[in-house]
Amino acid sequence: MDLASVDDYKKKAWSLLPKAPLDYYRSGAGDEYSLRLNQTALNRIRIRPKFMRDVSKRSTKVNILGLDLEMPVAIAPTAMQRMAHPEGEVANARAAASAGVLFTQSTISTSSIEEIAEATPESPKWFQLYIYRDRDITKNLIRRAETNGFKAIVLTVDAPMFGLRRADIRNKFTLPTHLRMANFVGEKATQIQNTSGGSGLMEYVNKQFDDSITWEDLKWLVKFTKLPVIAKGILTAEDATIAVNCGCKGVIVSNHGARQIDGVPASIEALPEIVAAVGQRVPVMMDGGISQGTDVFKALALGAKLVFIGRPAIWGLTVDGERGVQNILRILKEEFDICMAIAGCSKVTDIDRTFVVHENFYSKL
Ligand SMILES: Cc1cc2nc3c(=O)[nH]c(=O)nc-3n(C[C@H](O)[C@H](O)[C@H](O)COP(=O)(O)O)c2cc1C
Ligand SMILES: CCCCCCC(=O)C(=O)O
């Protein structure tokens, strides 16, 4: 098998995608220091395996906010997936459904809420929300997610503005004309225009997204929707505590794939302080740099209940559509299961803080 790891899929996808979509998917903010850090920080964590523990019967299953999931890996919301494959988000959601994992749909999708619901009526899915200046647009998205079987609203809190993504500026990035922002048919928010000569998406976001939002808006959202609300993009204990006090039923530790501010910590670095702050009250989840089963294990050992993958699913989608994402999920599940077994864990709840140390631990030797 020549595609045996997420990294194999990444390399293949990079060779297939045209420059502008590849740069959009791949890149991070600024000099991309935090982008590299998302993975190097994971590599600085060492697993402390504990042997001879009868791991003959194992399960990778978890339950998150009432959802039974085959493994603690979910699909993160990523925008505009039809640039990667003609079936875009629909293929990604179908792959998640067949693997029994959670799919999160982005507001900025090239497939609509209704298309995702029709393609995967029974499977677990959450809807990721950006708050638009036009509150009617925002309310309409929430109501459609509710009536179409989505089980939570994931409010992304780290995007009052678009991060400085130089590749998109250089490429004058815009959505190819055969694609559409599928959640906004007939509304002004459908179109990305590029009047600035820079990134069209940056222009769109800075025009449409509400940069005045505060925690009061989160409180409004918690009241407005009957679904649980989860805050995504949390990087500090302070914000995690506020989010939970505002009524969030979960938090996602994330630096947005390092696409918003360069110089922020890796998500895995921020995770422990957030687990310490709110981990007894709500599930703490994380994303950023997860590319192997051992990364999943490390995040869980540091207190995450669920991890998300963004780019890895896009690489799978690019290479082979629904089947490509299925393979990415299969690879991660196998790798996670093998890691659990050899480290001495039969079930996900066996994984705890004692299974990892920072590499500095060994420099004392
Ligand atoms: C191409 C791309 C598009 C994204 N679009 C969104 C989005 O629409 N909403 C959102 O909350 N996060 C978005 N993110 C961030 C992801 O949800 C997630 O936080 C990040 O990709 C995780 O890092 P990873 O790509 O290393 O797995 C996007 C990330 C990428 C790479
Ligand atoms: C930060 C707002 C960006 C909206 C577009 C989708 C997205 O989140 C991304 O990272 O790209």
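This section reports on the structure supplied with the text. Source: prediction; values computed, not measured. Each chain has its residues counted from 1, following the order in which its sequence is written. Here chains are named by letter from A upward and ligands by number from 1 upward, in the order in which they appear as written. This being a predicted model, a pLDDT of at least 70 is required before a residue's local features are given, and a value of 80 or more before pairs of side-chain atoms are given or counted; all residues contribute to the totals for chains, interfaces and linings. Derived side-chain values reflect all non-hydrogen atoms in the structure, with water molecules and hydrogen atoms excluded from consideration.

Things to note about the layout of surface pockets
Within this scheme a cavity is a closed region of a 1 Å grid, computed over the protein atoms alone, that accommodates a 1.4 Å probe without allowing it to escape, whereas a pocket is open but has protein on both sides within 12 Å along at least five of seven lines; lining residues each have an atom within 4 Å of a point. Grid points are joined across faces, edges and corners, and a volume is the space filled by probe spheres set on the points. Quantified by volume, the largest pocket comes out at close to 920 Å³. For the largest pocket, the lining is made up of 49 residues, of which Tyr 25, Gly 257, Arg 259, Gly 310 and Arg 311 are closest to its centre. Each helix corresponds to a stretch of at least 4 residues labelled H or I by DSSP, and each strand to a stretch of at least 2 residues labelled E; elements are numbered beginning at the N terminus. At the level of elements, helix H1 (6-16), helix H2 (19-26), helix H3 (33-43), helix H8 (200-208), strand S11 (306-309) and helix H13 (311-343) are the ones that each hand at least two residues to the lining of the largest pocket.

Points about the packing of aromatic side chains
Any two of the Phe, Tyr and Trp rings considered here, Trp counted by its six-membered ring, make a pair once their centres fall within 6.5 Å; the pair's planes then place it as stacked at under 30 degrees, edge-to-face at over 60, or tilted in between. One pass over the structure, following the stated rule, counts 13 aromatic pairs. Measuring from ring centre to ring centre gives 5.1 Å for Tyr 132 and Phe 184, while their planes differ by 45°; the resulting arrangement is tilted. Of this pair, Tyr 132 sits in the loop between strand S6 (125-129) and helix H6 (135-147) while Phe 184 sits in the loop between helix H7 (166-171) and H8; the two residues are 52 residues apart in sequence, bridging distant segments of the chain. Exposure categories follow from relative accessible area, calculated using a 1.4 Å probe and restricted to protein chains: below 20% of the type maximum is buried, above 50% is exposed, and the middle band is partly exposed. Using a relative accessible area of 0% as the deciding quantity, one classes Tyr 132 as buried. Where Phe 361 meets Tyr 362, the ring centres are 4.9 Å apart and the plane angle is 85°; that geometry is what we call edge-to-face. Judged by its relative accessible area of 37%, Phe 361 falls in the partly exposed class.

Concerning the site of ligand 2
Residues in close proximity to ligand 2 total 13 residues, the closest being Tyr 24, Tyr 130, Arg 165, His 256 and Arg 259. Throughout this description, a polar contact denotes any pair of N or O atoms lying within 3.5 Å of each other; where both atoms belong to protein, one of them has to be capable of donating a hydrogen while the other can accept it, and for residues adjacent in sequence the pair is counted only when both atoms sit in side chains. Within the side chain of Tyr 130, one N or O atom sits 2.5 Å away from an oxygen atom of ligand 2. Within the side chain of Arg 165, an N or O atom sits 2.7 Å from an oxygen atom of ligand 2. When atom positions are compared with the pocket grids, ligand 2 is found to occupy the largest pocket. All residues other than Ala, Val, Leu, Ile, Met, Phe, Trp, Tyr, Cys, Pro, Asp, Glu, Lys and Arg, Gly among them, are scored as polar; the first ten of these are nonpolar and the last four charged. Of the residues assigned to the shell around ligand 2, the class counts are nine nonpolar, two polar and two charged. Here a residue is near a molecule or strand as soon as one of its heavy atoms is found within 4 Å of it. Think of it this way: if more than half of a molecule's atoms are within 2 Å of a pocket's grid points, that molecule is in the pocket or cavity.

Quick word on H6
Residues three or four positions apart in an α-helix share a direction because the helix packs 3.6 residues into each turn. The end-to-end C-alpha distance of H6 is 18 Å, a good match for the 18 Å that 13 residues give at a rise of 1.5 Å each. Within H6, burial applies to Ile 137, Thr 138, Leu 141, Ile 142, Arg 144, Ala 145 and Glu 146. In the core, the buried residues of H6 are packed alongside helix H5 (113-119), S6, strand S7 (153-156) and helix H9 (215-224). If you check the start of H6, you find a side-chain oxygen 2.9 Å away from the backbone N of Asp 136, and it comes from Asp 134. Backbone geometry just after H6 places Gly 149 at a positive phi near 85°. Helix span is expected to be 1.5 Å times the residue number reduced by one. Any two residues whose heavy atoms approach within 4.5 Å are treated as being in contact.

Description of the side chain of Asp 217
By the element assignment, Asp 217 lies in helix H9. Reaching out from Asp 217, the side chain makes a polar contact with the backbone nitrogen of Thr 214 at a distance of 2.8 Å. Ignoring anything within four residues of it in the chain, the contact list for Asp 217 reads Ile 131, Arg 135 and Ser 212.

Topic: the site of ligand 1
In the vicinity of ligand 1 lie 23 residues, with Pro 77, Ser 106, Thr 156, Asp 287 and Gly 310 positioned nearest. The contact in question runs from a nitrogen atom of ligand 1 to an N or O atom on the side chain of Gln 128, over 3.3 Å. In this description, accessible areas are obtained by the Shrake-Rupley approach with a 1.4 Å probe, and a residue is regarded as covered only by the protein chains that are shown. When isolated, ligand 1 has an accessible area of 600 Å², and the protein chains bury 97% of it. One can see that ligand 1 is located within the largest pocket. Secondary-structure elements contributing two or more residues to the shell around ligand 1 are H2 and H13. With three residues, H13 is the single largest residue contributor to the shell around ligand 1. Residues belonging to the shell around ligand 1 are distributed by class as follows: nine nonpolar, ten polar and four charged.

Side note on the packing of helix H12 (residues 293-301) against H13
Axis angles are defined between N-to-C directions and span 0 to 180 degrees, where every axis is a line fitted to C-alpha atoms and, for a helix, only to the segment in contact. Look at H12 against H13: their axes get within 7 Å of each other, and the N-to-C directions meet at 60°. Put simply, H12 runs oblique to H13. The interaxial crossing formed by H12 with H13 has right-handed handedness. For the pair formed by H12 and H13, the contact residues are Gly 293, Thr 294, Val 296, Phe 297 and Leu 300 on the first element and Leu 332, Glu 335, Phe 336, Cys 339, Met 340 and Ala 343 on the second. A breakdown of the residues in the contact of H12 with H13 according to their chemical character gives eight nonpolar, two polar and one charged. An angle counts as roughly parallel when it lies under 35 degrees, as roughly antiparallel when it exceeds 145, as roughly perpendicular when it falls between 65 and 115, and as oblique in every other case. Two helices that cross are described as forming a left-handed crossing if the nearer one is turned anticlockwise from the farther one by less than a right angle, and a right-handed crossing if clockwise.

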